Amino acid sequence: MTNSVEIKNLDLSFGAVHVLKQLNLEIAEGEFLVLLGSSGCGKSTLLNCIAGLLDVSAGQIFIKDKNVTWAEPSERGIGMVFQSYALYPQMSVRKNLSFGLKNAKVPKDEINKRVSRVAEVLQIEALLDRKPGALSGGQRQRVAIGRALVRDVDVFLFDEPLSNLDAKLRTDLRVELKRLHKKLKNTMIYVTHDQVEAMTLADRISIMKNGMIEQLDTPDVIYSRPCNKYVADFIGSPAMNMFKGQLSGDTFHGEGFTVDVSQYDFDTHSRREGDAWLGIRPEHIVTGEAANGATFSCNAEIDILEPMGSDTLVWIDFAGQPVRVRTEGQSGLTPGESVTIGFDAARLHLFDSQTETRL
Amino acid sequence: MVDQTHTSAIEPSGPKPKKTFSRANIFLYGTLIMVSVYYLLPLYVMIVTSLKGMPEIRMGNVFGPPMEITVQPWVRAWSEACTGINCDGLSRGFANSVQILIPSVLLSILIASVNGYALSNWKFKGSEIFFTILIIGAFIPYQTMLYPIVIILREIGLMGSIGGLVLVHTVFGMPILTLLFRNYFASIPEELFKAARVDGAGFWQIYFQIMLPMALPIFVVAIILQVTGIWNDFLFGVIYTKPATYPMTVQLNNIVNSVQGVKEYNVNMAATLITGLVPLVIYFASGKLFVRGIAAGAVKG
């Protein structure tokens, strides 16, 4: 299988600030890759580099095995969708869609054909003669996606396309994007800071921090086997509970508790001694009867409850720190009550306290 | 306990009632009316005087309305008033001013808008330094540059011609207009510019098809600034032109300050009003757009 986009040793610095550091990335044909990270991690910058809107300091970018490091954005075979839609306000939707094609000197018949085809795919036929100002946010973003589609390109770049929409519209358009990808089978690179978007859309997620890729894998692996403490913390809402302690052989000694970790799936060549972090996701801590059969169980007092309808987040005082536990919606628990909590060693995550990598 | 001081039983509900003749209102509107009268009185005196005959003016009633309305002073000011040996009134100066104004305004705005666009969207190495140098130009007193410009114009053969004055106005308009346009274009979302680049548009295509249609308010501001500035200019006009190419302001000065014969106050007033008509019309015609453009161009950036 050929690579659709390939990035080799990419470096970018503004003066003394290194935004991207020796970045390597290979994206397969038809893959949906999500660049995920908190603000300032360089994910949008990387996308702008791929689009050709920023000059790189070092390294190479290949699209469809063609070196496009020095090519103009329009010559790279990409379409881009921006967070603020970036529709040309004085042009009708039709003109917005055809602007790029006119610049590329595509014949008129062909332009009309492509515009009506894209309008049909995105269901914006009725809007074609309106100005962007007369459209709602969701419609605008659809037009912006259409503007990328008409270009008939191999790679689509999305720069936080759903961040300006309200919550309901965001979920609707997210599903639409997924359907669109299933239908078109184009390569898509999608930048977001929203982990739900990343988990639901991506074939692979690349988690970035300080201009470097922390982990690049499928959503499933990123969730179940985060490669370091940062990724473990970042993915999952509410966030993973972390406990400091020492590892000695098959036992983890925390502050006032010990856990048998013989069932834990250690990375083959990792050490089993010394300071370490133990992580457990709130949804993997069980309460009540179910806790009795777990690897580890104990009694603890409920501090507060945060009911969210479908489930309830319970804050529990354990080992001298507040611990998040996710339970079912109608848990019937009350603050101050004492409950049994427990978890299985197979569901744990252990990280080296120095390097913060997974053990 | 119910508050007994409230005699009426009306529950506060809906908009709070406001007194029309409250102390604050009287103070506010009183001040506004006084200031308006203070500013409008000279204009009133000018209009009234320009419509009076000389005998009526000699009676000395400055504020009184004309007993006998005559347009003779306006006709004299436009086509008969003398400056030196020429006795063809302001009409020649008006024609000169128009010939100076139109190319100066068009050229300076065209160049400055492209400058501003390039400086905000196509940043190049040293563009910030270039911009700083340009802005410093706005702070150098004109007086220090008067004589060097005389030499430059003489060397390129434009001294005394309308073309020379157009060049001077274009150059001197550059700093402030570039600043205006740069700030306005900087306030347009950068993503729009990026989208146009992905769509394959080049420097001029983005300028003409994306930026220009969005920049109408700031163009109006620039036109107003330049029209009033160039029309009212006296200093450059008197230095860089000769009597045959004097702009209207210089000619007005020569009419009003001529020392021979009787001082014709009514003609002077009429001549001044005619000269001031162009900026006045511009302000009235574009008031709303002007405010919108100023707000858009000056605050952000």
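Residues numbered from 1 in each chain as written. Chains lettered and ligands numbered in written order. Predicted model: local features only at pLDDT ≥ 70, side-chain atom pairs only at ≥ 80, totals over all residues. Heavy atoms only, no water.

## A short note on the sheet that holds strand β12 (residues 251-254) of chain A
Residue and element names in this part refer to chain A.
Move 1: Strand order in the open sheet made by the 5 strands is β13-β12-β11-β14-β20, with antiparallel pairing throughout. The sheet is open, and its two edges are formed by β13 (257-260) and β20 (349-352), each paired on a single side. Strand-to-strand, the axes of this sheet are offset by a mean angle of 35°, without reference to chain direction.
Move 2: Here 4 bridges tie strand β14 (residues 273-280) to β20, and the two strands are oriented antiparallel to one another. Looking across to β20, one finds that Gly279 is bridged to His349. (Pairing = 2+ DSSP bridges. Helix = DSSP H or I, 4+ residues; strand = E, 2+ residues; numbered from the N terminus. Axes fitted to C-alpha atoms, helices over the stretch in contact; angles between N-to-C directions.)

## Regarding the pattern of salt bridges
Residues and elements named next belong to chain A.
Move 1: Under the counting rule described, the total for this entry stands at 20 salt bridges over all chains.
Move 2: As a salt-bridge pair, Arg204 and Glu31 come within 2.4 Å of each other at their nearest N and O atoms. On the criterion of sequence distance, the pair formed by Arg204 in strand β9 (residues 204-209) and Glu31 in the loop between β2 (17-28) and β3 (32-36) is long-range, its members being 173 residues apart.
Move 3: On the basis of relative accessible area, Arg204 is assigned to the partly exposed category, the value being 22%.
Move 4: A salt bridge links Asp267 to Arg225; its shortest N-O distance comes to 2.7 Å. One end of the pair, Asp267, is in the loop between β13 and β14; the other, Arg225, is in the loop between α7 (219-224) and α8 (229-234), and 42 residues separate them in sequence. (Salt bridge = Lys/Arg side-chain N within 4 Å of Asp/Glu carboxyl O. Buried < 20%, exposed > 50% of the residue type's maximum accessible area, 1.4 Å probe, protein only.)

## Observations concerning the side chain of A:Asn241
All names here are of chain A.
Move 1: Among the secondary structure elements, Asn241 is positioned in strand β11 (residues 241-248).
Move 2: Note on Asn241: relative accessible area 1%, which makes it buried.
Move 3: Only 2.8 Å separates the side chain of Asn241 from the backbone oxygen of Arg324, close enough to count as a polar contact.
Move 4: Leaving out residues up to four positions away in the same chain, Asn241 has contacts with Leu278, Gly279, Ile280, Arg281, Pro282, Ile285, Val323 and Arg324. (Polar contact = N/O pair within 3.5 Å; in protein donor to acceptor, adjacent residues only side chain to side chain. Contact = heavy atoms within 4.5 Å.)

## Digging into a nonpolar patch on the surface
Residue and element names in this part refer to chain B.
Move 1: A cluster of nonpolar side chains, contributed by Leu28, Tyr29, Leu32, Ile33, Val37, Leu41, Tyr44, Val62 and Phe63, occupies part of the molecular surface with about 860 Å² of accessible area.
Move 2: For Tyr44, the position within the fold is in helix α1 (residues 23-50).
Move 3: Take Tyr44: its relative accessible area is 36%, and that puts it in the partly exposed class. (Patch = residues over 30% accessible without salt bridge, like charges linked within 9 Å, V, L, I, M, F, W, Y side chains within 5 Å. Areas by Shrake-Rupley, 256 points an atom, 1.4 Å probe, with all protein chains shown as cover.)

## A word on the domain arrangement of chain B
Move 1: Along its sequence, chain B is organised into domain 1 (23-70) and domain 2 (92-247 + 278-299).
Move 2: For domain 1 of chain B and domain 2 of chain B, the distance between their C-alpha centroids amounts to 37 Å. (Domains from an automatic or database assignment.)

## Remarks on the nonpolar core
Move 1: In this structure, A:Ile7, A:Leu20, A:Leu46, A:Leu157, A:Ile189 and B:Tyr240 are the most contacted members of the largest nonpolar core, which totals 88 residues.
Move 2: Broken down by element, the residue count for this core peaks at 11 residues, all from helix α7 (residues 162-187) of chain B.
Move 3: In this structure, A:Ile189 is in contact with A:Val5, A:Ile27, A:Leu33, A:Leu35, A:Leu47, A:Ile50, A:Val155, A:Phe156, A:Leu157 and A:Phe158, ignoring residues within four places of it in sequence. (Core = buried A, V, L, I, M, F, W, Y, C linked by side-chain atoms within 4.5 Å.)

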